[in-house]
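Summary of structural features
Next come the chains, spelled out residue by residue.
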Amino acid sequence: MESSLLRKAVPILIAAFCLVWMLSSAAPKVAAAYTITFKGTYSDDGLMTSPVNCTLWREGEEPLTFELDGEYVASVQQLPAILQIHLEYNESRTIYITEAGTYYVFVPIDSRTYYFQVLDFVGLENGYIETWLNVNGTLRLIERQTLALMNDIPFEMSWGYAYEIAIYDPDEGRAFVGSFTAKQKSTFLIGITKDLFPEEIPSSAGIYKYAQRVNSTTASFYYSDVNDNTNWVHFAIYTQGSESPIAEFNSTSEPVSWTFNDLDPSESYIGKITVSHEVLGDDYFWSFILPSTEAPISENPFSILDNIALSFPIQFRYVPVIFLVLCIFMAFSWWNLPVGVVAGYLFAALFVYLGWLPITWSWMMISGSIGFLIAIILAKERESGIL
C-alpha cells in the first residue's frame, strides 16, 4: 500500500519540481544594481567648496536629486546614467556614467561656456567627448558628454584653466586629442579618424605629458615616462597650417620640461610632442591646441537665449543678430539696393568682430567679395536705368 502511494507521489513531485523550475526561469530577472560613489564638491583648483545640487538621471527609474557635501552613494539598474551638476545661472556640468565606481565632482571658477563640434569619420557607436584637468598632480575627469548631440556640445570651464580633451568609447578606448585653455569664446572642431583608434592600441601607460598655453606669450611643455621606455623627446610649436616649427627643443632624458616665452597673443598655435618609444615606436606624437588668449571684444548680449529648451540648428543667441543684419539689409535696400548689400555686409563684419556671430574671417572675405561684386553690378544697372 505504501509503495503504491510512493509510486504515485514520485511523478507528482517531479511534475511539481519541473513546474516550479519553468516558472522561475520565465520570471523576469531583476538586473543587479550598479553602485556609484560621488565625492565632492571640489572647485577646479582642487579645494573643497560649498555643497552643490545634483540630479542623477537613471533609465527606467525616477531621477534622483541630492546635495553633494562630502560623499553620496547611489545605485542604478542600467548604465549609462547621467549626472547633472547644477551651477549658477541655469548652467550645469554633465557626466555620462558609463561604469560603476567613484566619480569626483568639480565646479568651475569664473565659469565660461565653450562649444565643441565633432566630425566622426569612424562612426563610433557609443562615443563620448571628455574634459580632464590636472588637479593637484592627478588627472581628473571633469565632464563627459555624448557624441549623439546634434548641435554644438557645451562644456563649462574655468576661465584661464587648461583642460585635456579626450574622445572615449567603452569598446575602443580613450584617445586624448589635445589641450584647450579656456581663454577665448568660440566653437572648436575635432575630427575623429580611423587613426585615432587603431586596431591595436599601443600601451602608453606610465606616460604623462602636456603642452599648454600658460599666458598670452608663454607655452609650457612637459613629458615623463615612469617605465623608462623613452629614448628621446622632441617639443615643437607650429603656427596653424604651417609645417615648419617656430620653436623646438630636444632631450634624450626625461622627465623633461620646456618653456617658450615669445608667442603672439593674437595667434593660435599647435604644440607637438614627439618621442622615440620602445613600445609606441619611433616618431610617435601627440598634438595640443595652444589657442589665442585674446578675449572677444564684447559678449553676445543674447546669450541668455541659449537656455531655451528647443532643438535648433544653431544656438539661439545668434538668431537676433542674424535677424538684425537682415533688417539692416532690407532697410537700406528699400532706399538703394547696392547700398543695402554693402551696409548689410559691413554690419555683419562688425558683429563678427564683436564676437556676436561665429563666422570665420575667411568666409567673411569670400562673401564680402561676392557681395561687393553684386553691389557694383547693381549700381551699374541702376545707372543704366534697368533698376
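Note that the coordinates shown come from a computational prediction; the quantities given were computed from them, not determined experimentally.

Reading guide: rules and limits
Residues numbered from 1 in each chain as written. Predicted model: local features only at pLDDT ≥ 70, side-chain atom pairs only at ≥ 80, totals over all residues. Heavy atoms only, no water. Pairing = 2+ DSSP bridges. Helix = DSSP H or I, 4+ residues; strand = E, 2+ residues; numbered from the N terminus. Polar contact = N/O pair within 3.5 Å; in protein donor to acceptor, adjacent residues only side chain to side chain. Contact = heavy atoms within 4.5 Å. Buried < 20%, exposed > 50% of the residue type's maximum accessible area, 1.4 Å probe, protein only. Phe/Tyr/Trp six-rings, centres within 6.5 Å; stacked < 30°, edge-to-face > 60°. Lys NZ or Arg CZ within 6 Å of the ring centre and 35° of its normal.

**Details of the pairing of strand S2 (residues 52–57)**
Of the pairings in the sheet, the one linking S2 to strand S3 (residues 64–68) comprises 5 bridges and is antiparallel in character. Residue Leu56 lies in a different strand from S3, and its bridge partner there is Leu64. Here S2 folds back onto S3, and the loop between the two strands holds 6 residues, one of which, Gly60, carries a positive phi near 75 degrees. Relative to strand S5 (residues 81–86), S2 runs antiparallel, the two being bridged by 4 bridges. The residue bridging Thr55 from the neighbouring strand is Gln84, located in S5.

**A word on the side chain of Asp44**
Looking at the element boundaries, Asp44 is found in the loop between strand S1 (34–43) and S2. Polar side-chain contacts of Asp44 include one of 2.8 Å to the side chain of Arg93. Asp44 has contacts with Arg93, Phe106, Val107, Pro108, Ile109, Leu133, Val135, Ile142, Ser158, Tyr161 and Tyr163, leaving out every residue within four places of it along the chain.

**Quick notes on the environment of Ile153**
Mapped onto the fold, Ile153 is located in strand S11 (residues 153–158). On the accessibility criterion, Ile153 (2% relative accessible area) is buried. When the C-alpha atoms of Ile153 and Thr113 are compared, they prove to be 10.0 Å apart, with 40 residues separating the residues in sequence. When neighbours within four sequence positions are excluded, Ile153 is seen to be in contact with Tyr114, Tyr115, Phe116, Val118, Ile129, Gln145, Thr146 and Leu147.

**Observations regarding the packing of aromatic side chains**
Per the counting criterion, the structure on display carries 19 aromatic pairs. When the centroid spacing of 5.2 Å and the interplanar angle of 70 degrees are considered together, the rings of Tyr284 and Trp286 count as edge-to-face. In this structure Trp286 comes out as buried when scored by relative accessible area, which is 10%. Chaining the aromatic ring pairs together yields one cluster made of Phe221, Phe235, Phe249, Trp258 and Phe260. Across the ring face of Tyr104, the terminal group of Arg140 is positioned such that the distance to the ring centre comes to 4.2 Å. Residue placement shows Lys272 over the ring face of Phe285; its charged tip is 4.3 Å from the ring centre.

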